[in-house]
Structure formats: structure tokens, C-alpha cells
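# Report on the structure
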Amino acid sequence: MKVMIINAGSSSIKYQLIRMPSEAVVCQGIVERIGAKDAIFTYKTDTTEINKTMEIKNHRDGLESIAKLLVDPKIGVLKNAGEIDAVGHRVVHGGNSFSETTIIDQKVKDKIDELIALAPLHNPHNLEGIVLSEKIFTHARQIAVFDTAFHHTIPSKAKRYAMPHTFYEEHGIQVYGFHGISHQYVTDRAIEYIKKPESKIVTVHLGNGCSMTAVVNGKSVDHSLGFTPSNGLIMGTRSGDIDHAIIFYLVDNLGYSLSEVKTLLTKESGMLGLTGHIDLRDIQSGAEKGDKDCILALEMNAYRIKKYIGSYAAAMNGVDAIVFTAGIGENSSILRAMVCSQMEFLGLELDTKKNDARSAQIREINTPTSKVKILVVPTNEELEIAKEAYSVLNTGY
Ligand code: ADP
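Residues take numbers from 1 onward in each chain, read along the sequence in its written order. Side-chain atom pairs in this predicted model are given and counted only at pLDDT of 80 or more, local residue features only at pLDDT of at least 70, and totals for whole chains, interfaces and linings cover all residues. Side-chain metrics rest on all non-hydrogen atoms present in the structure, leaving aside hydrogens and water.

The end-to-end C-alpha distance of helix 3 (residues 123–136) is 20 Å, a good match for the 20 Å that 14 residues give at a rise of 1.5 Å each. The buried label goes to any residue with under 20% of its type's maximum accessible area, the exposed label to any with over 50%, and the partly exposed label to all in between, with areas taken from a 1.4 Å probe on protein chains only. Helix and strand assignments come from DSSP, with helices taken as H or I runs of at least 4 residues and strands as E runs of at least 2, each series counted from the N terminus. Considered for burial, the residues of helix 3 that qualify are Asn 123, His 125, Asn 126, Leu 127, Gly 129, Ile 130, Leu 132, Ser 133 and Ile 136. Helix span, as expected, comes to 1.5 Å for every residue beyond the first.

As C-alpha cells, then:
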């Protein structure tokens, strides 16, 4: 079975064609800076690699360019688009409606549309990807894999906010949790690695968006993002946890409109707000040169992660493994070292040499005497989506 994976974001489409169940990646790539004259288009197979700058007007243009290359007589990997059996879509918010991967029909699309109110930065693009894909890959089953689904196991005591019950019962105000596809994938890999299905794990996903999950016996029991992907850790442009009274203060005393507050906290805060840079590599090199803002931002970032590790260890009554993943988690030995320093009370001991070594494989970076494993697990959301799509089509639910 050939499964096309589509991860449509605000200005990018990541894609992969995966053969299942062998998990062989037939081709992969990304269209970035959609809407720009100098959009970046990449396409990679075993024998071909294309990196080009071209105008991509919109998502339709992007997806059509991908589909065209897939069937290109010279460098394509398919005779025709009908060879694709399923298209698996990453959908950020499934609300309370979707606790499982789901075959898409009109009702599912309507529900994803309704949920735009809860994920305005993500669900519209995910839905657009689905609608376009139905038109381009007409023979394929369209499958939605939700970032929130992994967190459906979070118990009430962790998912409810201390507000009157009607806000939960009538308006669905609760912790939903996000990055679930990644947390699920690295959890499964970590459990395989430590060979302990009955385990307590903290997964730390640090990309542009950042989140942490407390996982008991493979199930999410608490998570740092909440009703929307806004709170918890310090992210690229999002503030993470703040005292919500700051919002009232900005509006009542500093003359901000609500939409300006939203922009401030979601697009202009986080590491960008603290340093002027989004990319952690720029912040790390700033810190190395003695830039005080960069040093403080790294300290704040690591400190926040450390606090969540402590709270999840308390919530789970222990921890067997801490798992770092995503762009920053997999690559920033500096941040990992800051997070794992002075954590001996937990039995956590980082091996600095192993931490500094680079690899694209799952790896253990703790000392032999560490009571807690510290793992770096490269995430693979595309493979997780392919596995989910394959499983749904085979079991038929
Ligand atoms: P997204 O949330 O967009 O999927 P990624 O998981 O790809 O994000 O992470 C992107 C971030 O990873 C970049 O903004 C950058 O800060 C960070 N990153 C990538 N490579 C490195 C590296 N070698 N060292 C430190 N940080 C890195």
C-alpha cells in the first residue's frame, strides 16, 4: 500500500510517500514560503534530489507541483496518481470529537471546520490540504490523524481548568494537548528501547512549538499545552505560561486591543520576544558571544522545561526516561545539558560526551549509573501518520 502524507501548515506543505507496511520512504520533500515568488521546493527520492526556488502562489499550486513531480516520466515515482491508496493528513485540533484516526467524509470535514475556532493558526490549512488532496488524489482514501488524539487519556484532574463546570460541559474548555503524533511516536520508540511497556516517561518535544507529556504505560496523562497550543514551555514566538492577568493589564492599562494582545503573545513573544531571533542556533551563537538577552533566554527556556520535568515526576511518582525530540530537542546539546544539570535528586545523570555526539538515530545520553534514562529520539510524524492510516484501512474503523 502506498500512503501519501500531507502536513499542510500556514506557509508550507511537508510531504512523504511511504510504502506500508515496509515503511520504505519512496519520496519526500517540502514546499516552503508558499505565497512568495521565491518559494522553496524540495523533492527527494533514492536517485533524485531537487532543491529549487520558484513561485508558488498558494497551497493548491504547491500540492499540484508535488503531484506533477510524483508522476513525472523521468524523475517521478508513480505511473499515475491513482497508485496512491491513502492520503494521511496531519490535523492539529480534533477537539473532543476525534479520539482516533478517522477516515474523512463530509461530516469529518465539517467538524474540522467547526474546530477552527480552537486552532485558528492550524486547522484552516489542514482542512485546505484535505480539500485540495481530494481533488488531486481522487482515488485515494483521505485519512485524518489528529495531534490531539494521543491526549484523550489525560484524566479529568489534569485536563480540567478550575472554572465553573458549564465552561467545560457546554463550551469544551479543557486541556486538549497537541503534538500528539510526535509524542506518540517517540513514546513508542522509547518504550521499545527501554523494553519496559509499564513505564513512566516524560517526552519533551522542542521545535518551533514546544510541549511536554507525562506518559504512564504508553498513555498520555498530562501535557503542557492546553486548550490551545499556547501555554507551557517557552516557544519560538509563543510566550508559554504567563499570568493571565497580564492580558487584562495590557488591555485595561496599556491600551492594547485583544487582537494586538493575541499577536503579541503568539507571534512576538517566546524566544523571538526575548532575543530578536526565532532560530535557536542564532540564540546559541549569540549566547556564546556573550549576548545577555540570549543567555537569559536559554536559561529561562531550560528552567521552564526543568520545572515541568519536576512536576511530571511528582505527578507520576517517578520517571524511568526523559525523551528529547524535534528540531531543538534532537540537536541542541546545549539546551539538553542545561535542562539535565543539577537533577541528581531525581537520579538523572547526563553523560556530556554522549550528549555532544551527533547522530540521526535513537540514542541514550545518560551515564551508566543514571537511574533515569535520557534519550534522544528523532521524531517522525510522517511515519506515525502512515502507520495510523495503514492501521485504520486494515482494521476498517
Ligand atoms: P517545527 O515545529 O516547525 O516542526 P522543528 O522540529 O523542525 O520545528 O524545529 C525547528 C527548530 O529547531 C529551529 O527553529 C531551530 O531553532 C531548531 N534547530 C534545528 N537545528 C538545530 C541545531 N543544530 N541546533 C539547535 N537548534 C536547532
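Having put the structure on the table, let's press on.
Let's shift gears to the nonpolar core. The biggest cluster of nonpolar side chains holds 55 residues, and the ones touching the most others in it are Leu 206, Met 212, Ile 305 and Ile 309. What makes two residues a contact is simply this: any of their non-hydrogen atoms within 4.5 Å. Setting aside anything within four residues of it in sequence, one finds Leu 206 in contact with Leu 233, Ile 305, Phe 324, Thr 325, Ala 326, Gly 327, Ile 328, Gly 329 and Leu 335. Of all hydrophobic cores here, the second largest spans 27 residues; its members include Val 31, Ile 34, Tyr 43 and Leu 78. Nonpolar core, defined: a set of buried Ala, Val, Leu, Ile, Met, Phe, Trp, Tyr and Cys residues in which side-chain atoms within 4.5 Å join the residues together.

As a further point, take the packing of helix 1 (residues 59–70) against helix 3. A fitted line through C-alpha atoms represents every axis, and for helices the fit uses only the stretch in contact; the resulting angles, taken between N-to-C directions, go from 0 to 180 degrees. Where helix 1 contacts helix 3, the two axes come as close as 10 Å, and the packing angle between them is 45 degrees. Classified by the angle their axes make, helix 1 and helix 3 are oblique. Crossing angle aside, the handedness with which helix 1 passes helix 3 is right-handed. Along its contact with helix 1, which presents His 59, Arg 60, Leu 63, Glu 64 and Ala 67, the element helix 3 presents His 125, Glu 128, Gly 129, Leu 132, Ser 133, Lys 135 and Ile 136. In the scheme used here, Gly and all other residues not listed as nonpolar or charged are polar, with Ala, Val, Leu, Ile, Met, Phe, Trp, Tyr, Cys and Pro taken as nonpolar and Asp, Glu, Lys and Arg as charged. Each residue belonging to the contact of helix 1 with helix 3 can be placed in one class, and the counts come to four nonpolar, four polar and four charged. Angle categories are assigned with fixed cut-offs, so that under 35 degrees is roughly parallel, over 145 is roughly antiparallel, 65 to 115 is roughly perpendicular, and the rest are oblique. When the near helix sits turned anticlockwise from the far one by under a right angle, the crossing is termed left-handed; a clockwise turn instead gives a right-handed crossing.

This part covers the pairing of strand 14 (residues 373–376). Bridge count between strand 12 (residues 321–325) and strand 14: four bridges; the pairing is parallel. Note that in strand 14 the partner of Phe 324 across the bridge is Val 376. Relative to strand 14, strand 13 (residues 363–364) runs antiparallel, the two sharing two bridges. Its bridge partner being in strand 14, Glu 364 is matched across the sheet by Leu 375. Two strands are said to pair when DSSP picks up at least two bridges between them.

In this section: the sheet that holds strand 4 (residues 39–44). The strand order across the open sheet built from eight strands is 5-4-3-2-1-6-8-7, with neighbouring strands paired in mixed fashion. If you trace the sheet from one side to the other, it starts and ends with strand 5 (49–54) and strand 7 (102–103), each paired once. Relative to strand 8 (residues 141–146), strand 7 runs antiparallel, the two sharing two bridges. If you follow Thr 102 over to strand 8, its bridge partner there is Ala 144. Here helix 1 sits on the sheet and contacts strand 1 (2–8), strand 2 (13–19), strand 3 (24–32), strand 4 and strand 5; the angle it forms with strand 4, its principal contact strand, is near 25 degrees. Against the sheet, helix 3 makes contact with strand 1, strand 6 (86–91) and strand 8, and its axis sits at roughly 170 degrees relative to strand 6, the strand it touches most.

Now for the environment of Ile 322. Within the fold, Ile 322 resides in strand 12. Residue Ile 322 is classed as buried on the basis of its relative accessible area, which comes to 0%. In this structure the C-alpha to C-alpha distance between Ile 322 and Glu 169, which are 153 residues apart in sequence, comes to 34 Å. Filtering out sequence-adjacent residues up to four positions away, Ile 322 remains in contact with Val 202, Val 204, Ile 309, Leu 348, Val 372, Lys 373, Ile 374 and Leu 375.

By convention, a stacked pair of Phe, Tyr or Trp rings (six-membered ring in the case of Trp) has centres within 6.5 Å and planes under 30 degrees apart, an edge-to-face pair has planes over 60 apart, and any other such pair is tilted. Under the defined criterion, the tally for this structure stands at three aromatic pairs. With 4.3 Å between their ring centres and 5 degrees between their planes, Phe 98 and Phe 146 make a pair best called stacked. Taken together, the residues Phe 98 in the loop between strand 6 and strand 7 and Phe 146 in strand 8 connect sequence positions 48 residues apart. Like Phe 146, Phe 98 is buried. Sitting over the face of the ring of Phe 41, Lys 52 holds its NZ or CZ atom 6.0 Å from the ring centroid. Note on criteria: charge over ring means Lys NZ or Arg CZ within 6 Å of the ring centre, with the direction from the centre no more than 35 degrees off the ring normal. Residue placement shows Arg 189 over the ring face of Tyr 185; its charged tip is 4.6 Å from the ring centre.

Below, the discussion takes up the side chain of Glu 382. Turning to its location among the elements, Glu 382 is positioned in helix 15 (residues 381–395). Residues contacting Glu 382, with those up to four places away along its chain left out, are Ile 5, Asn 7, Lys 14, Gln 16 and Ile 18.

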